[in-house]
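Summary of structural features
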Amino acid sequence: MTIGFIGCGNMGSAIIKGITEAGVIESSKIFAFDPYAPSIDKAVKAYGITKCGNAKEIIMNSNIVVLAVKPNMIASVLQEINFELEKKDTIVISIAAGKTLEFIRDNLTHDNKLVRIMPNINAKVAAACSAYCTNGNVTDEEKKEIEKIFGTVGTIMELPESNFSLFGVLAGCSPAFVYMFIDALARAGVKNGMKKDTALQIAAQSVLGSAKMILESDTHPFELIDQVCSPGGTTIEGVTSLQADGFEAAIHKAVDKAVDKDSRL
């Protein structure tokens, strides 16, 4: 199997890193092109992949092609590689936010195998939450290959495309919400006399461990909260304070606002 990347920015490079470190595809069989020379040169040096001179060359050498370009560039890239895609049974994967399978198909003249994937920023540390959908031309075996490739940068699930807008908010926006919570927790530690870097490490590790607890146990989050709250203790005091100040309502409102914004874009 060979795979090509058109675009070697933050997300493209993160996926290439995951693939090479996991050994899913040999680095010599990973092809990449980016018009911004420093980006492609950096990826070639770091991961030993093969540099291509243009997008068409990527299609010529790849069984799977990942379009890792900005959403406003994807139409022009599709038109550039359209002729080459007519001649090959290439799987085309787009990670461009907001660009539907229908949009991709409308910019091509051949009924290619199309995949839309939404990874989140945590792919940079191999902890992404990704979702994908296909246009129906992709076989179950090919889906397994796609899951194997993108599983190198985190978890991946198949979702109906109708759920992608909401997924984009829950998985795409939530890292920023969690970063805010971690920073606020650390600043509260500073307020009470702890050094910021120490407080930040404690806060981040606690969030990481708490997420792991939910993912790896069958216990509902409410039950886990009850397990931590001793009668008359410090935790229940903090929990009731968060509830009184509208913590859950603020999260719901943030998600609703993001969903509303997405619907207007």
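Higher on the page you've got the structure.
Conventions adopted
- Residues numbered from 1 in each chain as written.
- Predicted model: local features only at pLDDT ≥ 70, side-chain atom pairs only at ≥ 80, totals over all residues.
- Heavy atoms only, no water.
- Pairing = 2+ DSSP bridges.
- Helix = DSSP H or I, 4+ residues; strand = E, 2+ residues; numbered from the N terminus.
- Contact = heavy atoms within 4.5 Å.
- Axes fitted to C-alpha atoms, helices over the stretch in contact; angles between N-to-C directions.
- Disulfide = S-S within 2.5 Å.
- Buried < 20%, exposed > 50% of the residue type's maximum accessible area, 1.4 Å probe, protein only.
- Salt bridge = Lys/Arg side-chain N within 4 Å of Asp/Glu carboxyl O.
- Parallel < 35°, antiparallel > 145°, perpendicular 65-115°, else oblique.
- Left-handed = near helix turned anticlockwise from the far one by under 90°.
- Nonpolar A, V, L, I, M, F, W, Y, C, P; charged D, E, K, R; others polar.
- Phe/Tyr/Trp six-rings, centres within 6.5 Å; stacked < 30°, edge-to-face > 60°.
- Lys NZ or Arg CZ within 6 Å of the ring centre and 35° of its normal.

1. Some points on the sheet that holds strand β4 (residues 64-67)
If you walk across this open sheet you meet the eight strands as β3-β2-β1-β4-β5-β6-β7-β8, and the pairing is mixed. Every other strand in the sheet has two partners, leaving β3 (50-51) and β8 (154-158) as the edge strands with one partner each. Contacts between helix α4 (residues 74-86) and the sheet are confined to β1 (3-6), β4 and β5 (91-94), with β4 contributing the most and set at about 165° to the helix. Docked against the sheet, helix α7 (residues 164-191) engages β6 (113-118) and β7 (128-134), running at close to 170° with respect to β7.

2. Concerning the state of the cysteines
Summed over all chains, the structure comprises zero disulfides. Take cysteine 8: it sits in no disulfide, and the sulfur closest to it among the cysteines is that of cysteine 52, at 9.8 Å. Judged by relative accessible area, which is 3%, cysteine 8 ranks as buried.

3. Brief notes about the pattern of salt bridges
Overall, the coordinates contain ten salt bridges when judged by the stated rule. Taken together, the shared-partner salt bridges connect Asp89, Lys113 and Glu142 into one network.

4. Re the packing of α7 against helix α8 (residues 196-216)
To describe two helices that pack against each other, one gives the angle between their axes and the distance between the axes. Where α7 contacts α8, the axes come no closer than 8 Å and their chain directions differ by 135°. Considered as vectors, α7 and α8 are oriented oblique to each other. The hand of the α7/α8 crossing is right-handed. Within the contact between the two elements, α7 uses Val178, Phe181, Ile182, Asp183, Leu185, Ala186, Arg187, Gly189 and Val190 and α8 uses Lys196, Ala199, Leu200, Ala203, Ala204 and Val207. A class-by-class count of the residues in the contact of α7 with α8 yields eleven nonpolar, one polar and three charged.

5. A closer look at the packing of aromatic side chains
Under the counting rule described, the total for this entry stands at two aromatic pairs. For the pair phenylalanine 164 and phenylalanine 167, a centre-to-centre distance of 6.5 Å together with 40° between the ring planes defines the contact as tilted. Of the two residues, phenylalanine 164 and phenylalanine 167 are both situated in helix α7; the distance of three residues between them amounts to about one turn of the helix. Using a relative accessible area of 2% as the deciding quantity, one classes phenylalanine 164 as buried. In this structure phenylalanine 167 comes out as buried when scored by relative accessible area, which is 9%. Geometry around phenylalanine 103 places lysine 99 over its ring, the cationic atom sitting 4.5 Å from the centre.

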